[in-house]
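Fold and geometry: a report
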Amino acid sequence: MRVGTNPVRNRYQVYSPKHIGVASITFVPVIDGFFKESLNVIDVHLHSLRRTLGMNADILIFDNCSCEEATDFLLELYGSGVIDFLILSKHNLGKTGSLNWIFSSMPHEFIVSTDSDVLFRPKWAERSLEVFDSFEQVGIVSAQPAFFNTSDSIQHMAA
């Protein structure tokens, strides 16, 4: 049994969630074939989030049972501050199972759910929040993929 007061009790600031929490699900079982460029794709994905949101959001990665190289890569990004929360699962829960964990654990007012291969454009968050501000009954805002968009701004985002 412990006696007394925790000696570091008041030395650490209590976490306060940011307005937006972004949750991205990763799954890289091997670094080969279809998954060969996955780490580069995840890197571009996460950096596009940080470029468009800055530090005004928390980024959570739910890794759905990836290989050792991928988890090492994610741990590096976590250590460098690109990722705020990192959940490493030894079991592949599938997308729905992962989302159940994510939505029950994130305390943010707005939660963004994304796959780890999405490139985020500047102002996407502001535009999404405008929809919530404009329509009182809105519960979900979703984006539309831009498969054939090859504008210069998009090409510069990936660089």
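The residue numbers shown here count from 1 along each chain, following its written sequence. Per-residue local features of the predicted model are confined to residues with pLDDT of at least 70, and side-chain atom pairs are confined, for both listing and counting, to 80 or more; whole-chain, interface and lining totals are unaffected and use all residues. The side-chain values count all of the structure's non-hydrogen atoms but skip hydrogen atoms and water molecules.

**A look at the nonpolar core**
Where we set the bar: Here, the term nonpolar core denotes a set of buried Ala, Val, Leu, Ile, Met, Phe, Trp, Tyr and Cys residues that are joined through side-chain atoms within 4.5 Å. The classification of residues rests on relative accessible area computed with a 1.4 Å probe and restricted to protein chains. Under 20% of the type maximum is buried, over 50% is exposed, and intermediate values are partly exposed. Note on conventions: DSSP H or I runs of at least 4 residues are helices, E runs of at least 2 residues are strands, and numbering of each starts at the N terminus. Note on contacts: a residue pair qualifies if any of its non-hydrogen atoms lie within 4.5 Å across the two residues.
In this structure, Leu46 and Leu49 are the most contacted members of the largest nonpolar core, which totals 25 residues. When contributions to this core are tallied by element, the ones reaching two or more residues are strand E1 (20-26), helix H1 (38-53), strand E2 (57-64), helix H2 (68-79), strand E4 (110-115) and helix H4 (124-134). Residue contributions to this core peak at five residues, all from H1. Those residues in contact with Leu46 that lie beyond four places of it in its chain are Ile59, Ile61, Leu77, Val82 and Ile83. Grouped together as the second largest cluster of nonpolar side chains are seven residues, Ala23, Leu60, Phe62 and Met106 included.

**Quick look at the side chain of Ser89**
Along the chain, Ser89 falls in strand E3 (residues 85-89). Among the residues examined, Ser89 registers a relative accessible area of 15% and is labelled buried. Not counting residues up to four positions away in its chain, the partners in contact with Ser89 are Phe62, Asp63, Asn64 and Cys65.

**Description of a negative patch on the surface**
Defined as follows: Surface patches are defined over residues having more than 30% relative accessible area and no salt bridge, joining like charges when they lie within 9 Å and nonpolar side chains (Val, Leu, Ile, Met, Phe, Trp, Tyr) when within 5 Å. Each accessible area is a Shrake-Rupley estimate made with a 1.4 Å probe; only the visible protein chains count as cover when residues are assessed. By convention in these notes, a salt bridge is any Lys or Arg side-chain nitrogen within 4 Å of a carboxyl oxygen on Asp or Glu. The positive count covers Lys and Arg only, the negative count covers Asp and Glu only, and His and the chain ends enter neither. Working definition for charges: the position is that of NZ of Lys, CZ of Arg, CG of Asp or CD of Glu.
Taken together, the side chains of Glu68, Glu69, Asp72 and Glu76 define an acidic patch exposed on the protein surface. Along the chain, Asp72 turns up in helix H2. The class of Asp72 is partly exposed, set by a relative accessible area of 36%.

**A closer look at helix H3 (residues 94-105)**
Heads up, the rule is: By this rule the span expected of a helix is its residue count minus one, scaled by 1.5 Å.
The end-to-end C-alpha separation of H3 is 17 Å, in line with the 16 Å expected for twelve residues at 1.5 Å each. Among the residues of H3, those classed as buried are Gly97, Ser98, Leu99 and Ile102. Where H3 is buried, its residues contact E1, E2 and E4.

**Observations regarding the side chain of Arg50**
How we decide: The definition of a polar contact used here is a pair of N or O atoms within 3.5 Å, where within protein one atom must be able to donate a hydrogen and the other to accept one, and adjacent residues in sequence count solely through side-chain atom pairs.
Its location among the elements puts Arg50 in helix H1. At a separation of 3.2 Å, a polar atom in the side chain of Arg50 contacts the main-chain carbonyl oxygen of Val82. Not counting residues up to four positions away in its chain, the partners in contact with Arg50 are Met55, Ala57, Ile59, Gly81, Val82 and Asp84.

**Focus: the packing of H1 against H2**
For the record, the criterion: Angular values range over 0 to 180 degrees, each being the angle between N-to-C directions of two axes fitted as lines to C-alpha atoms, with helices fitted over their stretch in contact. In what follows, roughly perpendicular refers to angles from 65 to 115 degrees, roughly parallel to angles under 35, roughly antiparallel to angles over 145, and oblique to any angle outside these ranges. Handedness of a crossing follows from how the near helix is turned relative to the far one, being left-handed for an anticlockwise turn of less than a right angle and right-handed for a clockwise one.
One way to put it is that H1 packs onto H2 with a least axis distance of 11 Å and a crossing angle of 25°. Relative to H2, the element H1 is oriented roughly parallel. As H1 packs across H2, the resulting crossing turns out to be right-handed. Two secondary-structure elements touch here, H1 through Leu39, Ile42, Asp43, Leu46 and His47 and H2 through Glu69, Ala70, Phe73, Leu74 and Leu77.

**Let's talk about the packing of aromatic side chains**
The following threshold applies: Centres within 6.5 Å are what make two rings of Phe, Tyr or Trp a pair, Trp counting through its six-membered ring; a difference in plane orientation under 30 degrees is then read as stacked, over 60 as edge-to-face, and the rest as tilted.
All told, the structure shown has six aromatic pairs when counted by the stated rule. Ring geometry for Phe34 against Phe35: centres 5.1 Å apart, planes inclined by 85°, an arrangement best described as edge-to-face. Through a chain of ring-to-ring contacts, three or more aromatic side chains come together here, namely Phe27, Phe34 and Phe35.

**Here we look at the sheet that holds E1**
To be explicit about the condition: Should DSSP find at least two bridges between two strands, the strands are regarded as paired.
The sheet built from four strands is open, its strands ordered E3-E2-E1-E4 with parallel pairing. For this open sheet the edge positions go to E3 and E4, each flanked by a neighbour on one side alone. The sheet shows a mean angle of 15° between the axes of neighbouring strands, direction not considered. Relative to E2, E1 is paired through seven bridges, and the arrangement is parallel. From the neighbouring strand, Val22 faces E2, where its bridge partner is Ile59. Set on the sheet, H1 makes contact with E1, E2 and E4; between it and E2 the angle comes to about 165°.

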